[in-house]
Amino acid sequence: MKVYTKTGDNGTTALFGGARVNKSDLRIDTYGTVDELNSHMGMLRDQPVNVHRKDIIIEIQDRLFTLGAILATEPGNDKVKVPQLQDTDVSLLEKEMDTMDETLPPMRHFVLPGGHLSVSYCHVARCVCRRAERLVVALNEIAPVDNHVIMYLNRLSDYLFVLSRTISLEVNAEEIPWVPKM
């Protein structure tokens, strides 16, 4: 099987189920952003500080592929078998955050992104996750999207923020608070 098919040379692509849409379609932008997020998660997984978190990040990446498949499927197409997100996928992120929160000092201010390369990767992934979430919400206004997709992305961005703080603590990076100048 060749990687190139030439079927997209006219600016269209196929959804799961066969319908062709413009590559500029909101649905394509949405699952393309989820794919971008998955790549950022791969960069985050490759950070030495995440060796003991590798399995959870791989699980997240797997769920992001599931999420992309859901978004890439024609609305109303019941003939295509697509895996689904479950409540347990969301609760896993919550459990991981609760565990990390036990060791973190309370937040009193927003923090400036950065302090260590691995922390910065978390923040970039968090921002891409938030963009994916906004796109899914916009898509949901046009065509219903499974609520688990929105919930998962919302919780994942929270997870990435808590992970950034945890890594900051572990590597002894300075967490610079944002204090508005009034």
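Look above for the structure.
Residues numbered from 1 in each chain as written. Predicted model: local features only at pLDDT ≥ 70, side-chain atom pairs only at ≥ 80, totals over all residues. Heavy atoms only, no water.

Participant: Please clarify how the state of the cysteines should be interpreted in this entry.
Facilitator: Across all of its chains, the model carries 0 disulfides by this definition. In this model C127 remains outside any disulfide bridge; the closest cysteine sulfur is found in C129, 9.8 Å from its own. (Disulfide = S-S within 2.5 Å.)

Participant: Just checking my understanding: could you explain the nonpolar core for this structure?
Facilitator: Side chains of nonpolar character tend, in soluble globular proteins, to be buried together. Counting 44 residues, the largest nonpolar core has L64, L156 and Y159 as its most contacted members. When contributions to this core are tallied by element, the ones reaching two or more residues are α1 (26-45), α2 (54-71), α3 (87-101), α4 (117-142) and α5 (147-170). Beyond its immediate chain neighbours, meaning those up to four positions away, L64 contacts V34, L37, N38, M41, Y152, L153 and L156. (Core = buried A, V, L, I, M, F, W, Y, C linked by side-chain atoms within 4.5 Å. Buried < 20%, exposed > 50% of the residue type's maximum accessible area, 1.4 Å probe, protein only. Helix = DSSP H or I, 4+ residues; strand = E, 2+ residues; numbered from the N terminus. Contact = heavy atoms within 4.5 Å.)

Participant: In this structure, what is going on with the environment of I28? I would like to understand it.
Facilitator: For I28, the location among the structural elements is in helix α1. Residues I28 and V119, 91 residues apart in the sequence, show an inter-C-alpha distance of 29 Å.

Participant: Help me out: how do you make sense of unusual backbone geometry in this one?
Facilitator: Across the chain, the bulk of peptide bonds are trans and the bulk of non-glycine residues have phi less than zero. The backbone of N172 shows a phi angle near 60°, a positive value even though the residue is not glycine. Tracing the backbone shows N172 in the loop between α5 and β4 (177-178). Take N172: its relative accessible area is 71%, and that puts it in the exposed class.

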